[in-house]
Amino acid sequence: MNDLVHPAGAPPTKLITTHRDLAIHGAAPLFATPLHVGRPNIGSTKAFVERARTILESGWLSNNGPMLVEFEERIKKHLGVAHCIAMCNGTIALEIAIRALDLQGEVIVPSYTFVATAHALQWQEITPIFADIDPATHNLDPHAVQRMITPRTTGIVGVHLWGRPSPIEALTEIATANDLRLVFDASHGFGCSHGGKMLGNFGDCEIFSFHATKFFNTFEGGAVVTNNPSLAEKLRLMRNFGFAGYDNVIYPGTNGKMTEIAAAMGLTNLEQLGDFVACNRRNYNAYKREIESLCGLRILRYDETQQANFQYIVVEVMPEFPVSRDRLVDVLHAENVLARKYFWPGCHNMEPYKSHYPHAGLTLANTMSVSERVVVLPSGSTVTPHEIASIVSVLRVLASDRPN
Ligand code: T4K
């Protein structure tokens, strides 16, 4: 276990037993400082500082330096994928992938995702067409995707939301039958598998985000991974302004490069992925045990036959729960538990999409109902089982009492 991960034996924190104990009713909050969703998982400080020293002494800070080369090799090995092109963040990785695949016209995406998935298309004047999700998986519904195909459609961007795989086989079939390109936004899916293969091996390519809030981070960062060598070549050129050697630009490109210090953070965190998964799994099981006994709350499950990173504690607040999702979030925030309503209200309700397609919601019934009932709770290597017990004590009080 690294020096920053809380030991499971951290001291107990306060429990709530009645409505009178709730901060929203005037009591002191459970936590003196905020508990976040998305506190970074950080590996060994010592190992990172050693690498930072090496970088500073070498005077090589970016542009395909030795840390980056080692990082890409390690990622390829970890995922069992042929090519990894590391990038400065997940959004740029998506934009470059979309451009390298020559997507244009219309591309089908879920609305129930972080807005970067849609913005990466819009930024390149490609129209995102929002397809509905399956309420059981929170991922694209292949039937909805099929219905959205028009003569202008050139591709599909599926999202492995919460690290749970998109319907990979069904989307691959639809893409093949309609001559569409298929990209997976695997921003949440690092370290997760499908059918025994790591996410990263599917579609034309997959993109990862290594943002600070992700299961695995490089401060900011991302990557495109693919098993297609010619696509990989194009992606490498596009990441570096189209340069193929000194003074020789053979392609349009941008600056998508990952820095050496980001790669150093990645190499350090890769060494402790097992610890991060163990913490996340421990936290997930602690939440699951308790939440499953509360009427009206549903915790999202991970497929135990596959590898999962257990990064997100996703809870659906059903109509039979005594308070609404929004009230629950207000109660938790008063306790300094900064639960999040990811990904409410859906991209189609954000600008510019809301103005461009004011009626999109008519075909997105599941997106709307799921985004109105989901709350994501704090987890990660900085959250202790005692803190989870305190959070769950709030849920239990709300579940059992009806506030007046
Ligand atoms: N596709 C999908 C499906 C994505 O989820 C994302 C990113 C992308 C594409 C794009 O990838 P990147 O271009 O970001 O690599 C956060 C992240 O900023 C975003 O990366 C992530 N998805 C999204 C799900 O979450 P916000 O607006 O919720 O971030 P923010 O600033 O509210 O941070 C969340 C919490 O994390 C804070 O309350 C505190 C904590 N935090 C955050 C940072 C940055 C820390 O404790 N330390 C930190 O350094 O979007």
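The subject of this paragraph is the sheet that holds strand 9 (residues 205-209). Consider a sheet: its strands pair through backbone hydrogen bonds, and that pairing is either parallel or antiparallel. The strand order across the open sheet formed by 7 strands is 2-10-9-6-5-3-4, and the pairing between neighbours is mixed. Every other strand in the sheet has two partners, leaving strand 2 (83-87) and strand 4 (127-131) as the edge strands with one partner each. For this sheet the average axis-to-axis angle between neighbouring strands, irrespective of direction, equals 25 degrees. Pairing between strand 9 and strand 10 (residues 222-226): 4 bridges, direction antiparallel. From the neighbouring strand, Ser209 faces strand 10, where its bridge partner is Gly222. Packing against the sheet, helix 2 (residues 66-79) makes contact with strand 2, strand 9 and strand 10, and its axis sits at approximately 130 degrees to strand 2. The strands that helix 3 (residues 90-100) touches are strand 2, strand 5 (153-159), strand 6 (181-185), strand 9 and strand 10; relative to strand 9, the one it contacts most, it runs at about 165 degrees.

Our focus in this paragraph is the site of the ligand. With respect to spatial proximity, 24 residues lie near the ligand, and among them Arg39, Thr91, Asp185, Lys214 and Tyr342 are the closest. Within the backbone of Gly38, an N or O atom sits 3.3 Å from an oxygen atom of the ligand. Measuring from an oxygen atom of the ligand, one finds a side-chain N or O atom of Arg39 at 2.7 Å. Contact with the protein chains removes 76% of the 920 Å² of surface that the ligand exposes when unbound.

Below, the discussion takes up the confidence of the model for the chain. Per-residue confidence for the chain gives a mean pLDDT of 95; residues scoring 70 or more make up 96%. Every residue in residues 1-7 scores below 50 in pLDDT, and together they form 21 contacts with partners more than four places removed in sequence or on other chains.

Time to look at the pairing of strand 2. Most of strand 2 is tucked away: 4 of the 5 residues are buried. Note: strand 2 against strand 10, 5 bridges, orientation antiparallel. Across the sheet, Met87 pairs through a bridge with Gly222, a residue of strand 10.

Glancing now at the environment of Asp21. If you trace the backbone, Asp21 turns up in the segment before strand 1 (35-36). Separated by 376 residues in sequence, Asp21 and Val397 have C-alpha atoms that sit 9.5 Å apart. The contacts of Asp21, once residues within four sequence positions are left out, are Ile16, Ala27, Ala28 and Glu335. Among the polar contacts made by the side chain of Asp21, one reaches the main-chain amide nitrogen of Thr17 at a distance of 3.0 Å.

Here we take up the sheet that holds strand 12 (residues 313-317). Here 3 strands make up an open sheet; going across it, the order is 11-12-14 and the pairing antiparallel. The outermost strands of the open sheet, each flanked by one partner alone, are strand 11 (297-299) and strand 14 (374-377). Adjacent strand axes in the sheet meet at a mean angle of 30 degrees, parallel and antiparallel pairs treated alike. Each of strand 11, strand 12 and strand 14 touches helix 9 (residues 273-291); the most contacted strand, strand 11, lies at about 150 degrees to it.

Here we take up the layout of surface pockets. A probe as big as a water molecule, rolled over the atoms, marks out the empty space that is left. There is about 490 Å³ of room inside the largest pocket. If you trace the largest pocket, you find 27 residues lining it, with Phe114, Ser209, His211, Thr213 and Lys214 closest to the centre. For the lining of the largest pocket, the secondary structure elements donating two or more residues are helix 3, helix 4 (116-122) and strand 9. Of the residues forming the lining of the largest pocket, the biggest block, 3 residues, is contributed by helix 3. Of the residues that constitute the lining of the largest pocket, the class distribution is 10 nonpolar, 14 polar and 3 charged. As for the second largest pocket, its lining consists of 14 residues, of which Asn63, Asn64, Arg239, Asn240 and Lys257 are closest to the centre.

Turning our eyes to something else, we now look at the packing of aromatic side chains. Tallied over the full model, the rule gives 19 aromatic pairs. Taken together, a centroid distance of 6.3 Å and an interplanar angle of 75 degrees make the contact between Tyr112 and Trp162 edge-to-face. In this pair, Tyr112 sits in the loop between strand 3 (106-110) and helix 4 while Trp162 sits in the loop between strand 5 and helix 6 (168-177), placing the two residues 50 residues apart along the sequence. The two residues Tyr112 and Trp162 agree in class, both being buried. For the ring pair Phe241 and Phe243, a centre distance of 6.3 Å and an interplane angle of 85 degrees mean the geometry is edge-to-face. Looking at Phe243, the relative accessible area reads 35%, which means it is partly exposed. In this structure an aromatic cluster arises from ring pairing among Tyr112, Phe114, Trp162, Tyr312, Tyr342 and Phe343.

Rules and cut-offs
Residues numbered from 1 in each chain as written. Predicted model: local features only at pLDDT ≥ 70, side-chain atom pairs only at ≥ 80, totals over all residues. Heavy atoms only, no water. Pairing = 2+ DSSP bridges. Helix = DSSP H or I, 4+ residues; strand = E, 2+ residues; numbered from the N terminus. Axes fitted to C-alpha atoms, helices over the stretch in contact; angles between N-to-C directions. Contact = heavy atoms within 4.5 Å. Near = heavy atom within 4 Å. Polar contact = N/O pair within 3.5 Å; in protein donor to acceptor, adjacent residues only side chain to side chain. Areas by Shrake-Rupley, 256 points an atom, 1.4 Å probe, with all protein chains shown as cover. pLDDT = per-residue confidence, 0-100. Buried < 20%, exposed > 50% of the residue type's maximum accessible area, 1.4 Å probe, protein only. 1 Å grid on protein atoms, 1.4 Å probe; cavity = no way out; pocket = protein on both sides within 12 Å on 5 of 7 lines; lining within 4 Å. Points joined across faces, edges and corners; volume = space filled by probe spheres on them. Nonpolar A, V, L, I, M, F, W, Y, C, P; charged D, E, K, R; others polar. Phe/Tyr/Trp six-rings, centres within 6.5 Å; stacked < 30°, edge-to-face > 60°.

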